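Residues per chain, in single letters:
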Amino acid sequence: MTFRTEDTAPWIFTIGLFVFWEAVCRIFSVDSFILPAPSEIFSAAVRYAGPLWRNSFVTLWTTLVGFLLAVGFGLLLGLVVGWSRTIYRGLYPVMIGFNSIPKVAVVPILVVWFGVGEVPAIITAFLISFFPIVVNVATGLATIEPEMEDVLRALGASKLDVMLKIGIPRAMPYFFGSLKVAITLAFVGAVVSETLAANAGLGHLMTQAGSNFQMPLVFAGLLALAIEGIGMYAVCAWLEYRMTGWAHRSTMNA
Amino acid sequence: MIELDDVTLAYRGRTGPVLALQGTSLKVGRGEFAAVVGPSGCGKSTLMKLVTGLVKPTQGRVLVDGHEVAGPVKIAGMAFQNANMLPWRTVLENVLLPLEIVEPYRSKFRAEKKQYVARAEKLLDTVGLSGFGSRFPWEMSGGMQQRASLCRSLIHDPSLLMLDEPFAALDAFTREELWCVLRDVWERIGFTVVLVTHDLREAAFLADTIHVMSARPGRIIETRKVDLPRPRDLEICYDPRFSDLVQILRHKIAEVRQA
């Protein structure tokens, strides 16, 4: 394995960003209440490591539960929608309308139904992330090459056969691709809900810190959130690569 | 083997009904190699769908093997201009696909897989793809994919092979090579072939009978026997009888296109 500069690029860019940030804060002596320098953020992160860990964990598991629900439900609904044109035509406007509703507006309703806590966060994460999965799976199914379908149908294949042999394998790259979008959205959903109504989680922590004027801690919360997001995205990207390598042949041949 | 009796097919287009075929009659005998040529958009592909039972005629009757076609015929193999290999399956798995669908192979697929694999490998061997079974389609050239596609259309021993411009996307050398592959397989197994093409040389080289279609709405306006002796060699393309035939067909199609 050879060492390439390209592989170090993500680290260089990330570190460069923080260095630039630090420099700007020092040169213009920006008030840490407006924009804390990275050094302050990191020291806050170390000082409040305990609460950060605990709340990060809460956010992580609520996000993941919501995300997994979205995966299951999204896959199922995507298959149903992609299966039949009538269902597709019927459900699509409803889904688009549903997706257009800002999820922030739904949180108060969820709180009335389920009370303050993890459940609204899970449901918000679920609501915000299932849509891209449904759309992608349905698209994968709906774009089966007509010739390929003809080949099978002329042999007497049923609709189920066509779906099992072509539709579903064909939709898998779309599905795994959509997971990368869905997982980041799930974090957004969970944190939005935590910010509005929760007793734990990074969103809750940041709201609390904000009302105590602890800006470095707020930013430390954002940082933790970003790290979780990148981590889960990487897991989804890895899954995508493992499960549907055939769809990424250009990088495999390179 | 195939009989189209005054068949008309209309389908609903964006701007009202479109007449794809009108009053088409066609007969193809058992074991015959028939070619259908015609200007583009004349409903050649519609003809394929009618014969394989994918669409029903608006009027008239389609008979295959003595029975009126009411649904998918199940005895046909199909290949298209695009090889349509499934990229997540290896070449061998692609070739085996019809056996996973069509009876009686379907119910025995698990039990007799070894036998079927051997059969697929033998078929791959006849088209010059031995040893390529474990490759993925996208690791192969267009010509090789098309060979594999031909194997897939033949794996279930179809008594009817429907080819829709299967060699149109290939370069001239590969195309002629595949003509010979198809010729050899056909001469060995002796199934019925309907080859839709716009390549008149291809039709003249391979077919027993050439049917010329008119512009849309399509109709068979001329049927010509090819009396070139068999077995045919690529050399025959330089035979004056061959050139004459191609010339006549070309004129016929030019006429139709102007009409």
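Residues numbered from 1 in each chain as written. Chains lettered and ligands numbered in written order. Predicted model: local features only at pLDDT ≥ 70, side-chain atom pairs only at ≥ 80, totals over all residues. Heavy atoms only, no water.

(A) Inspection of the overall build of chain B at higher detail. Check the secondary structure of chain B and you find 8 helices and 10 strands. Computed over C-alpha atoms, the radius of gyration of chain B comes to 18 Å, within 12% of the 18 Å expected from 2.2 N^0.38 for 259 residues, which places it in the range of a compact globule. Dimensions of chain B, computed from C-alpha atoms along their principal axes, come out at roughly 55 × 45 × 35 Å. Buried residues in chain B amount to 54% of all 259 residues. Relative to all contacts within chain B whose residues are 6 or more apart in sequence, the contacts with residues 24 or more apart total 69%. Of the roughly 11,800 Å² of accessible surface on chain B, 48% is carried by carbon and sulfur atoms. Distance from the positive charge centre (34 side chains) to the negative charge centre (31 side chains) of chain B: 6 Å. (Helix = DSSP H or I, 4+ residues; strand = E, 2+ residues; numbered from the N terminus. Rg over C-alpha atoms; globule rule 2.2 N^0.38 Å. Buried < 20%, exposed > 50% of the residue type's maximum accessible area, 1.4 Å probe, protein only. Contact = heavy atoms within 4.5 Å. Areas by Shrake-Rupley, 256 points an atom, 1.4 Å probe, with all protein chains shown as cover. Lys, Arg positive; Asp, Glu negative; His and termini not counted. Charge placed at Lys NZ, Arg CZ, Asp CG, Glu CD.)

(B) Region of the structure containing the environment of E139 of chain B. Residue and element names in this part refer to chain B. Position of E139 among the secondary structure elements: in the loop between α4 (113–126) and α5 (142–154). For E139, a relative accessible area of 39% gives the class partly exposed. Each C-alpha atom of the pair E139 and T90 lies 9.8 Å from the other, and the pair is 49 residues apart in sequence. Looking at E139, its side chain comes within polar contact range of the main-chain nitrogen of F136, at 2.8 Å. (Polar contact = N/O pair within 3.5 Å; in protein donor to acceptor, adjacent residues only side chain to side chain.)

(C) Up close: the nonpolar core. If you look at the biggest cluster of nonpolar residues, it comprises 104 residues, and the most contacted ones within it are L152 of chain A together with L160 and I210 of chain B. For L160 of chain B, the residues in contact, after removing those within four places along its chain, are M1, I2, V51, V64, I75, A76, G77, T192 and V194 of chain B. Membership of the second largest hydrophobic core comes to 45 residues, among which are V135, L202, A220 and L225 of chain A. (Core = buried A, V, L, I, M, F, W, Y, C linked by side-chain atoms within 4.5 Å.)

(D) View of unusual backbone geometry. Residue and element names in this part refer to chain B. Cis geometry is found at the peptide bond from E103 to P104, where omega equals 5°. Relative to the assigned elements, P104 resides in the loop between α2 (91–101) and α3 (105–108). Cis rather than trans, the peptide bond between R230 and P231 has omega equal to -5°. Following the sequence through the fold, P231 ends up in the loop between β10 (220–225) and α8 (240–258). Non-glycine residue D65 carries a positive phi angle of around 60°. With respect to the element layout, D65 can be found in the loop between β4 (59–64) and β5 (67–68). For D65, a relative accessible area of 33% corresponds to the partly exposed category. Not every positive phi belongs to a glycine, and E165 is a case in point at roughly 45°. Structurally, the position occupied by E165 is in the loop between β7 (160–164) and α6 (172–189).

(E) Quick look at the pattern of salt bridges. Residue and element names in this part refer to chain B. Applying the stated rule across the entire model yields 19 salt bridges over all chains. Where D65 meets R30, a salt bridge forms, and the shortest distance between an N and an O atom there is 2.4 Å. Remark: R30 occurs in the loop between β2 (16–28) and β3 (33–37) and D65 occurs in the loop between β4 and β5; sequence separation between them is 35 residues. Put simply, E222, R224, K252 and E255 are held in one network by salt bridges that share partners. (Salt bridge = Lys/Arg side-chain N within 4 Å of Asp/Glu carboxyl O.)

(F) Local environment of the side chain of T62 of chain A. All names here are of chain A. Checked against the element boundaries, T62 lands in helix α3 (residues 49–83). Using a relative accessible area of 0% as the deciding quantity, one classes T62 as buried. Within polar-contact distance, the side chain of T62 engages the backbone oxygen of V58 at 2.9 Å. Those residues in contact with T62 that sit more than four places away from it in its chain are E118, A121, I122, A125, A190 and E194.

(G) Representation of the sheet that holds strand β6 (residues 76–80) of chain B in the model. Residues and elements named next belong to chain B. Here we have 6 strands laid out as an open sheet, ordered β6-β7-β8-β3-β9-β10, and mixed in their pairing. Two strands lie at the open edges of the sheet, namely β6 and β10, each paired on one side alone. Adjacent strand axes in the sheet meet at a mean angle of 15° when their direction is disregarded. The pairing of β3 with strand β8 (residues 192–197) spans 5 bridges and is parallel. Note on β8: the bridge partner recorded for A34 is V194. (Pairing = 2+ DSSP bridges. Axes fitted to C-alpha atoms, helices over the stretch in contact; angles between N-to-C directions.)

(H) Looking closely at the confidence of the model for chain A. On average, chain A scores 89 in pLDDT, and the residues at 70 or more come to 96%. At the level of individual helices and strands, chain A shows its lowest average pLDDT in helix α11 (residues 249–253) of chain A, which scores 51, and its highest in α3 of chain A, which scores 93. (pLDDT = per-residue confidence, 0-100.)

(I) Molecular detail of α5 of chain B. In this model, α5 of chain B (13 residues) spans 19 Å end to end at C-alpha, consistent with the 18 Å of a helix rising 1.5 Å per residue. Among the 13 residues in α5 of chain B, 12 count as buried, and that is most of the element. Listed as buried for α5 of chain B are G143, M144, Q145, Q146, R147, A148, S149, L150, C151, R152, S153 and L154 of chain B. The secondary structure elements touched by the buried residues of α5 of chain B are α7 (146–154) of chain A together with β6, α2, α4, β7 and α6 of chain B. (Expected span 1.5 Å × (residues − 1).)

(J) Local environment of a nonpolar patch on the surface. All names here are of chain A. Taken together, I109, V112, W113, F114 and V119 make up a surface patch of nonpolar side chains, about 540 Å² in accessible area. Counting residues per element, the nonpolar patch draws most heavily on helix α5 (residues 103–114), which supplies 4 residues. The exposure class of F114 is partly exposed, given its relative accessible area of 44%. (Patch = residues over 30% accessible without salt bridge, like charges linked within 9 Å, V, L, I, M, F, W, Y side chains within 5 Å.)

(K) Just the pairing of strand β9 (residues 209–213) of chain B, in detail. All names here are of chain B. Taken across its 5 residues, β9 has 5 buried, putting it largely inside the fold. With burial as the criterion, each face of β9 is covered, one bearing T209, H211 and M213 and the other bearing I210 and V212. In the sheet, β3 pairs with β9 via 4 bridges, with the strands oriented parallel. Bridge pairing links V37 to V212 in β9. Relative to β10, β9 runs antiparallel, the two being bridged by 5 bridges.

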